[in-house]
Structures are given as structure tokens and as C-alpha cells.
Amino acid sequence: MQNFDDESIVRIEDDLSDQNDLSLKSYFKSSLTPDDVVALAPLRRAQPMLQAFTALFHGGINSVLMRLLVLRELTADVDSPSLTRADINAKLGYLEPEALETVLTRLRSTGLLVWDASQSVYRIAPMARNVLAAIESLIQVEQQEDPSEVSYMLTQVAGAQAVGGVSVEQLHHLLGRLIELTEEFSDAIASGSEFQLRTAQQKWHTACDWVEKGSQIIHAITNDSRADSATHRAAQAIGRAQSALLNMQGMFSRALNQIERQRVHLGQSGLSTTDIKMWLLQRDDLASLADGALSHPVAPHFITPSEMIDVAESELLSHRNSAVLGVLPTGENAPSIANDNSEALLELDHWLDLLSKIDGKSVDPATNKPKPLHDYLLPASFAIASYRASLLPLIGDANEASLQGATATLARLPLSFDSKDKMRKLSDPHIAAISVASLLPLDVTTDDAHE
């Protein structure tokens, strides 16, 4: 066995360092060195921490999971700073001994787990705890199911500001995510798809909740005299991005109102194409809908090529003769269409006359409170009540009020439509329950409109 003195070990480490530098230089142009790139300097200083991540995440996903599992189990015991091998075997007794030994060897060789030979115990390296703390924060954010994916970055900014100052890079990550969300919501609005709009609006609500929580943090950063000019500019840019994000509420409302006006209803059933699409999306197997629809298989009729040629020639010659003679096709009377909307128009006019009589004195004599919404929608069949309810979002719509027709008259009524996210059961033969809502004149508050 060859023995190495301290000088030889230092020389070997220097040679390895030179080899690493040479391999790093190969990524840059020949006229540059790694020291010439300023952005690389903080990464090289953080190399021990990055090597800790490499030790955990190098290899396949199963190996990564086992290393994290073992390290989390060992750090979970905070009563004692050291662990004997017997303690480790007892704590991780559900693992195969060979697999456990492989993981412990990996953690020990990379410095995440330190072996104290004097006391024959294992100790967790401080770097390992730092790495696990960062991973745990990411896992916690993932479990919160934040679709906007902005909570982790905002949490990091808040924590950094609380302990002495946030970096410009952290603010830039948050700013970049806010800009990405704004563009994503703009694309959803421009698509005109109701389902994309609904999904984007739900994601927007989550993002706005985090924006409201982060407003105080951004305000503290902008008023921090210790922060440099770059930090102030980044915080101000985040404030502008937050304002642009919050101002998208009107864009969502206008786009959804436009879709509501263009919604196609299926006859007098009260159902729309959106209801049909949502029902179809909830089906696991669309092909099963055709079961029993066809009692006999399709029997196609085949013709010979000669017959196909004869038909094609006759059609070609007939069109050619018409073109040569310049004969125009004979005119036909337009088919008569029965006016199926007369009853619907009469029903709408009757309902508008009822709504126009709503004033501050329209109260329920039993409760001495403003009448609930179902008093204006019922009694009626389900189709008529659904039709009336679908028109309620038009009340107060400035774009619709500038048009002509019955819906424009509805939009110009001096009423306010207010609803809450809960239902009220009814004793009606057609309607089992209805949303808690009210219709009030504009000069009357809605505080007493709901229970």
C-alpha cells in the first residue's frame, strides 16, 4: 500500500482542482476564462452547497427518493445530535440492510453524514440540514396546490426581507412570474373560450390572494433605506406588475359577459351548449354513449366504375351547357319559417314590465325586507326561470345598454343585481333550489337583501 504525506495530498487536491478548472474552461470561448464571467462567481462560491444537492439528486429517481427518505428520518430525531448505527437500524428497519448501507455510504462519502470515529456515532452535517430545509419549503408549497406558483417565491422574498434584506435576484424571479401570469391570463381572455376563461379566472383569484399578502412586503422594501437602487427598482416593477394583475378583473368580467350574451340555448329546455360540453367532459367513456344507438350495422351501397363515369359525364355536360348558354338558375321562393319567438318575446316584455315596477317600497310583507330574487323569477317553468336568470348579468351592462331591443331595455333598468355563494331551498314544483340573490334599486343597499 502506498503512503501519502500531507504535502502529497495537497498536491493531489491541487491537481484535481486544476482538472476541474480545465474542464470548466472548455465551456467558454478560448479568449475567456471562468474568472472573466461575473455571473459565475456567486455560483462558484456556492459550490459546496451545490455539491450537496448533487449528492442527493444524482442518479435515478428511486435512488434520490431513498436518500431523501433516509436523511429526513435521521434529521427528524432532534433530541440527540448524534445517532449510533443501532439507532439508525431501528429507525429504518423497514429497509433492506444492503440498500440502507448503500445510502449511508453515499451520504457519508459526500459529507452530508459525518462519522465521528472517537464516539462511534453519526452526525448530521449543517449543510445537510440547510438543503433539507429548502426542500421541505418546496414540498410544503406543492402541498398547498397553488396553481399560480407564486407562493414559494413570495415566501422567500418575505423571509429574506425579515432577516436582513432581500436580493435583487429573488425579486427578479417574482417579477418574472407575475409577468408570465399576466400574459397567460391575457391569452386566455383573447382565446374567447369559456372553459379557458373559467380556469384562468380561478388561477387569477389565487394569484391575487398572494399579491394582497405580498403588498406589505413590497411596500417595506421600497421604504427600506438600506436597500440599493437596483432593489428599489425591482420592487417598484413588482408593484406595477401587481397592479396590472389586479386590473384584469374587469377584462375577465367583460369577456364572460360577452360569452353569456352569445350563449346558445337548446330550445326551451333551459340548457345551453356549455352545459352539454361540461356534461360530456365529465364522462369517462364517450364511446359508450353510442351503445344501443344503432340497432343495425351500416350497409354501404357500392357502384361500378362505369356507373361513376356516366354520372360524372352527365353532371359535367349539364354544367358546361349552362355555362355556354349563360342560363341563370331559376329563382325559388324563400321557405316560410314560423315565428317561434312570439311567445318568448311576449314573456320577456311581461317580465320587463314587472322589473320596471321595482322600487324602494318593494318589500316582503312577511319579513319587511326586500323581496328575494325568486319572487321575480317565479312562478314559472324551469325553462322560463332559467331564461330569466340568464339575463340578469346584463343589468347595468354599459355596452348592452347602448344597443336597441328588449335586452338593452333590461340593461338600462335602474337596478342592481347582487348574489351570494349559497343556495336557498324552495317549495316550487319546478325549481328545487335557487341562489340567494336580490334585485334592488340603485339607491338602496343590499345588506338586508339576504338572510
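Residues numbered from 1 in each chain as written. Predicted model: local features only at pLDDT ≥ 70, side-chain atom pairs only at ≥ 80, totals over all residues. Heavy atoms only, no water.

Looking now at the overall build of the protein chain. Along the backbone of the protein chain there are 19 helices and 7 strands. Taking all 451 residues of the protein chain together, 30% fall into the buried category. Summarising the internal contacts of the protein chain: among those between residues at least 6 apart in sequence, 56% fall at separations of at least 24. (Helix = DSSP H or I, 4+ residues; strand = E, 2+ residues; numbered from the N terminus. Buried < 20%, exposed > 50% of the residue type's maximum accessible area, 1.4 Å probe, protein only. Contact = heavy atoms within 4.5 Å.)

Moving on, we come to the sheet that holds strand 1 (residues 82–83). In spatial order, the strands read 1-3-2; together these 3 strands make up an open sheet with antiparallel pairing. Of all strands in the sheet, those bounded by a partner on one side alone are strand 1 and strand 2 (113–116). (Pairing = 2+ DSSP bridges.)

What follows is about the pairing of strand 2. Bridge count between strand 2 and strand 3 (residues 121–124): 4 bridges; the pairing is antiparallel. Residue pairing across strands places Asp116 opposite Val121, the latter belonging to strand 3. Connecting strand 2 to the antiparallel partner strand 3 that follows it, the hairpin turn spans 4 residues, and Ser120 within it adopts a positive phi of roughly 55 degrees.

Two faces, one strand: in a regular strand the side chains alternate between the faces of the sheet. Among the 9 residues of strand 7 (residues 433–441), 7 are classified as buried, and the element is accordingly described as predominantly covered. Where strand 6 (residues 415–425) and strand 7 come together, 8 bridges link them in antiparallel fashion. Each residue of the ladder has a partner; that of Leu415, found in strand 7, is Pro441.

A word on the packing of helix 10 (residues 194–222) against helix 11 (residues 229–246). Where helix 10 contacts helix 11, the axes come no closer than 10 Å and their chain directions differ by 150 degrees. As the angle between them shows, helix 10 and helix 11 are arranged roughly antiparallel. Here the hand of the crossing between helix 10 and helix 11 comes out left-handed. Of the residues in helix 11, those in contact with Trp204, Ala207, Cys208, Val211, Gly214, Ser215, Ile218, Ile221 and Thr222 of helix 10 are Thr231, His232, Ala235, Gln236, Ile238, Gly239, Gln242, Leu245 and Leu246. Within the contact of helix 10 with helix 11, the residues separate by chemical class into 10 nonpolar, 8 polar and no charged. (Axes fitted to C-alpha atoms, helices over the stretch in contact; angles between N-to-C directions. Parallel < 35°, antiparallel > 145°, perpendicular 65-115°, else oblique. Left-handed = near helix turned anticlockwise from the far one by under 90°. Nonpolar A, V, L, I, M, F, W, Y, C, P; charged D, E, K, R; others polar.)

On to the pattern of salt bridges, then. In the structure shown here, the tally under the stated rule is 7 salt bridges. For Arg72, the salt bridge identified is with Glu136, shortest N-O distance 2.7 Å. With Arg72 in helix 4 (residues 61–76) and Glu136 in helix 7 (residues 126–143), this residue pair connects regions lying 64 residues apart in the sequence. The class for Glu136 is partly exposed, based on a relative accessible area of 28%. For Glu184, the salt bridge is made with Lys203, and the minimal N-O distance between the two is 2.9 Å. Here Glu184, found in helix 9 (residues 168–191), pairs with Lys203, found in helix 10; they are 19 residues apart in sequence, far enough to count as distant. For Lys203, a relative accessible area of 16% corresponds to the buried category. (Salt bridge = Lys/Arg side-chain N within 4 Å of Asp/Glu carboxyl O.)

Here the focus is the nonpolar core. Most often, soluble globular proteins keep nonpolar side chains buried together rather than apart. Within the largest apolar cluster, 35 residues are counted, with the highest numbers of intra-cluster contacts made by Leu174, Leu178, Phe185, Ile221, Leu245 and Phe252. Mapped onto this core, the elements with two or more residues apiece are helix 8 (151–162), helix 9, helix 10, helix 11 and helix 12 (249–261). A total of 10 residues in this core trace back to one element, the largest contributor, which is helix 10. Residue contacts for Phe252: discarding those within four places in its chain leaves Phe185, Ile189, Leu197, Ala200, Gln201 and Trp204. Membership of the second largest hydrophobic core comes to 25 residues, among which are Val70, Ala128, Val131 and Leu132. (Core = buried A, V, L, I, M, F, W, Y, C linked by side-chain atoms within 4.5 Å.)

Turning to the environment of Asp421, a few remarks are in order. Note that Asp421 resides in strand 6. The sequence separation of Asp421 and Val436 amounts to 15 residues, and the corresponding C-alpha distance is 7.4 Å.

Let us look at the packing of aromatic side chains. Applying the stated criterion to the full structure yields 4 aromatic pairs. Taking 6.2 Å as the distance between ring centres and 15 degrees as the angle between the ring planes, the aromatic pair formed by Phe53 and Phe57 counts as stacked. Of this pair, Phe53 and Phe57 both sit in helix 3 (residues 47–57), 4 residues apart, roughly one helical turn. Classification of Phe53 as partly exposed rests on a relative accessible area of 24%. Residue Phe57 is classed as partly exposed on the basis of its relative accessible area, which comes to 37%. Pairwise contacts between aromatic rings join Phe185, Trp204 and Phe252 into one cluster. (Phe/Tyr/Trp six-rings, centres within 6.5 Å; stacked < 30°, edge-to-face > 60°.)

Moving on, we come to the confidence of the model for the protein chain. When pLDDT drops low, the exact placement of atoms in the prediction is not to be read closely. Mean pLDDT for the protein chain: 77, with 80% of residues reaching 70 or above. Low pLDDT, under 50, characterises residues 1–19; the predicted model gives this stretch 2 contacts beyond four residues in sequence or across chains. Confidence drops under pLDDT 50 across residues 446–451; counting only partners more than four residues distant or on other chains, this segment forms 16 contacts. (pLDDT = per-residue confidence, 0-100.)

Our focus in this paragraph is the environment of Ile434. Mapped onto the fold, Ile434 is located in strand 7. Sequence-wise, Ile434 and His374 are 60 residues apart; in three dimensions their C-alpha atoms are separated by 7.3 Å. When sequence neighbours within four positions are dropped, the list of residues in contact with Ile434 reads His374, Leu377, Lys422, Met423, Arg424 and Leu426.

For the rest of this paragraph, the subject is a nonpolar patch on the surface. Side chains of Val264, Leu266, Leu271, Ile276, Trp279, Leu280, Leu286 and Leu289 sit close together on the surface and give an oily, nonpolar patch of about 650 Å² of accessible area. Counting through the fold element by element, Leu286 comes out in the loop between helix 13 (273–281) and helix 14 (305–325). (Patch = residues over 30% accessible without salt bridge, like charges linked within 9 Å, V, L, I, M, F, W, Y side chains within 5 Å. Areas by Shrake-Rupley, 256 points an atom, 1.4 Å probe, with all protein chains shown as cover.)

Before going further, it helps to examine helix 10. Over its 29 residues, helix 10 extends 39 Å from the first C-alpha to the last, a length consistent with the 42 Å expected when each residue adds 1.5 Å. The sharpest bend along helix 10 reaches about 35 degrees and sits at Gly214. (Expected span 1.5 Å × (residues − 1). Bend = angle between axes of the 7 residues up to and from the residue.)

One can find Thr75 in helix 4. A distance of 2.9 Å separates a polar atom in the side chain of Thr75 from the backbone oxygen of Leu71. From its side chain, Thr75 meets the backbone oxygen of Arg72 in a polar contact 3.1 Å long. Apart from the residues within four sequence positions on either side, Thr75 is in contact with Ile124, Arg129 and Leu132. (Polar contact = N/O pair within 3.5 Å; in protein donor to acceptor, adjacent residues only side chain to side chain.)

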